[in-house]
Amino acid sequence: MENSMNTHFSPSEAHMDGPLFRNALQNLNECAKIIKCDPNVLERLRRPRRSITVSIPVRMDDYSVKVFTGYRVQYNATLGPFKGGIRYHQSVDLPEVVGLAALMTFKNSVLGLPLGGAKGGVAVDPGTLSRTENQNLTRRFTTEISHFIGPTKDIPAPDVGTNPQTMAWMMDTYSQEHGGYAQPAVVTGKPVDIGGSAGRNHATGLGAIYVAEKAFEKKGRTMKDAKIVVQGFGNVGSFAALFAFERGAKILAVSDVSGGIFNGDGLHIPKLMEYVQQTKSIKGFPGTTVISNEALLELECDALIPCALENQIDTHNAERIKAKIIVEGANGPVTNSATKILTERGIFIAPDVIANGGGVIVSYFEWVQDVMSFFWDEDEVNGRLKTIITKAFENVYKFQQEKQIDMRLAAMSCSVQRLERAMLLRGLYPR
Ligand code: NAD
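Bear in mind that the values here come from a model prediction, so they are computed numbers and not experimental data.

What to know about the pattern of salt bridges
Following the criterion strictly, the structure yields 25 salt bridges and no others. Two residues, K324 and D302, come together in a salt bridge whose shortest N-O distance is 3.5 Å. In this pair, K324 is assigned in the loop between β10 (303-306) and β11 (325-327) and D302 in the loop between α9 (293-297) and β10, connecting sequence segments 22 residues apart. Take K324: its relative accessible area is 43%, and that puts it in the partly exposed class. Overlapping salt bridges bring together R87, E96, K119 and D159 as one network.

Regarding the sheet that holds strand β6 (residues 227-231)
A sheet is described by the order of its strands in space; here seven strands give the open sequence β9-β8-β7-β6-β10-β11-β12, paired in mixed fashion. Both outer strands of the open sheet, β9 (289-291) and β12 (348-350), are each paired with one neighbouring strand and no more. Averaged over all adjacent pairs, the angle separating strand axes in this sheet is 20°, with direction ignored. The pairing of strand β7 (residues 250-256) with strand β8 (residues 259-262) spans four bridges and is classified as antiparallel. For D256, the partnering residue across the bridge sits in β8 and is G259. This element, helix α6 (residues 203-218), spans β6, β10, β11 and β12 of the sheet and lies at about 160° to β11.

Concerning the site of the ligand
Around the ligand sit 19 residues in total, of which T204, N235, V236, V257 and N293 are the nearest. One of the side-chain nitrogen or oxygen atoms of T204 is found 2.6 Å away from an oxygen atom of the ligand. One of the side-chain nitrogen or oxygen atoms of N293 is found 3.0 Å away from a nitrogen atom of the ligand. The protein chains hide 72% of the 830 Å² of surface that the ligand would expose on its own. Looking at the shell around the ligand, the elements with two or more residues in it are α7 (235-246) and β7. Of the residues belonging to the shell around the ligand, the class tally is seven nonpolar, ten polar and two charged.

Observations concerning the packing of helix α13 (residues 378-403) against helix α14 (residues 407-425)
At their nearest, the axes of α13 and α14 sit 9 Å apart, and the two run at 110° to each other. Judged by the angle between their axes, α13 and α14 are roughly perpendicular. Along this stretch, α13 crosses α14, giving a crossing that reads as right-handed. Contacts from F393, N395, V396, Y397, F399 and Q400 of α13 reach α14 at M407, A410, A411, S413, C414 and Q417. Grouping the amino acids of the contact of α13 with α14 by side-chain chemistry returns eight nonpolar, four polar and no charged.

Overview of the packing of aromatic side chains
Within the structure shown, the criterion is met by nine aromatic pairs. For the ring pair Y275 and F285, a centre distance of 5.3 Å and an interplane angle of 65° mean the geometry is edge-to-face. Of the two residues, Y275 is situated in helix α8 (residues 269-279) and F285 in the loop between α8 and β9; the sequence distance between them amounts to ten residues. The buried category is assigned to Y275, whose relative accessible area is 18%. Ring centres 5.8 Å apart and planes at 45° place the aromatic pair Y364 and F365 in the tilted group. Grouping residues by exposure puts Y364 and F365 together as buried. These aromatic residues form a ring-pair network of at least three members: Y364, F365, W367 and W376.

Observations concerning α8
Within α8, burial applies to I269, L272, M273, Y275 and V276. Viewed along the axis of α8, the buried residues span an arc of 160°, placing them on a single side of the element. Exposed positions of α8 whose direction lies more than 90 degrees from the buried face are K271, E274, Q277 and Q278. Those residues of α8 that are buried lie in contact with α7, β7 and β8. Residue K280 follows α8 closely and has a positive phi angle near 70°.

What counts and how
- Residues numbered from 1 in each chain as written.
- Predicted model: local features only at pLDDT ≥ 70, side-chain atom pairs only at ≥ 80, totals over all residues.
- Heavy atoms only, no water.
- Salt bridge = Lys/Arg side-chain N within 4 Å of Asp/Glu carboxyl O.
- Helix = DSSP H or I, 4+ residues; strand = E, 2+ residues; numbered from the N terminus.
- Buried < 20%, exposed > 50% of the residue type's maximum accessible area, 1.4 Å probe, protein only.
- Pairing = 2+ DSSP bridges.
- Axes fitted to C-alpha atoms, helices over the stretch in contact; angles between N-to-C directions.
- Contact = heavy atoms within 4.5 Å.
- Near = heavy atom within 4 Å.
- Polar contact = N/O pair within 3.5 Å; in protein donor to acceptor, adjacent residues only side chain to side chain.
- Areas by Shrake-Rupley, 256 points an atom, 1.4 Å probe, with all protein chains shown as cover.
- Nonpolar A, V, L, I, M, F, W, Y, C, P; charged D, E, K, R; others polar.
- Parallel < 35°, antiparallel > 145°, perpendicular 65-115°, else oblique.
- Left-handed = near helix turned anticlockwise from the far one by under 90°.
- Phe/Tyr/Trp six-rings, centres within 6.5 Å; stacked < 30°, edge-to-face > 60°.
- Arc of directions from axis to C-beta.

This is the structure we're talking about:
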């Protein structure tokens, strides 16, 4: 089927044409050849089920009204309700949201979760909004999409530029509009007091470390005394560094938007986290030397954990990376072309769809707990997270070993195989 084997967009598909989605389709096409995917399934998987664009009028503090544009893309619901975050960022547009929604579909599938994939966003710089304006925007956006979301339909969560408070406002607005009683299961990533889950805040960083431990195991060693470098010291990076530190690893360097810090004997991560809480930056942490973000990525180390932005390792620096293992805490930090170079050089990559899956896994737990109205303690959450994420890693690793392909392609293949089985079982696409 010609159309399904390329990443060309027709004029009617222009709203999907972005780099993220093109990358996802390239991976999809490549894996389809490996698993001999049914062409009808493939044709379905290369398009979102539903793309919603809404106008959001917001009363600003100076009494003027500004109209923002918001999106919710529901990519695929074969495996369960749609699930994915809401992003507030000035660069949000429909192609980006389509790409992110596709990634959520493949991520939820490879992790074995009973969830489909979605994503949403508003084109706004949240830093320019007052708290009241942000609340007004969030409530009106929720109203605009409220017919399409719901505990059994589509369950949003936080992403870049949104947080537990945003989810609390969304949950309240939805609840007021649907009977007036609390419906916590409509969103995840909420504060614990209104139905959030223990362990959600650190889940992505902890999941990345469970995956890193598995990767070390495959290399015949443990994390103790391993030299680790972490790019980004926000939610994912700081907790990944902390959990690695607690396991006896030496964290040689970390960075944030202000630059990097290095100490060859290892950084004391709990003290660094306290320092960042006070100063809002890693800059000037005592006993460290300054290192650029570029040089940090190229440090000699056992594991590099990029937890900041996409496209950090591409063809221009892939040859200079000296880490033995890369664990993708961020979404898309290593490009497809760099993945090929690094894999040929024997560098093991744990891909984002598994390595940063801890967040959505614990979001899934939050949804389950809300539906049951029965809450688990943190040990139970962490234990169940470990079971699910290591099982997904082992499945993908086994497939990668059998086919001798890179882990990213193996992850996509396992994901699409599960979606294909489900579609065929549901009788949507009989052979
Ligand atoms: P965050 O905003 O909390 O942290 C981002 C960190 O990256 C900050 O320390 C920031 O200073 C740093 N940074 C920004 N620009 C940088 C640069 N040029 N060089 C080095 N550092 C830079 O975000 P987060 O929630 O930790 O998310 C990080 C990544 O992980 C994103 O790609 C996100 O999509 C992905 N992710 C997050 C979660 C989650 O649960 N938070 C789940 C899955 C994936």
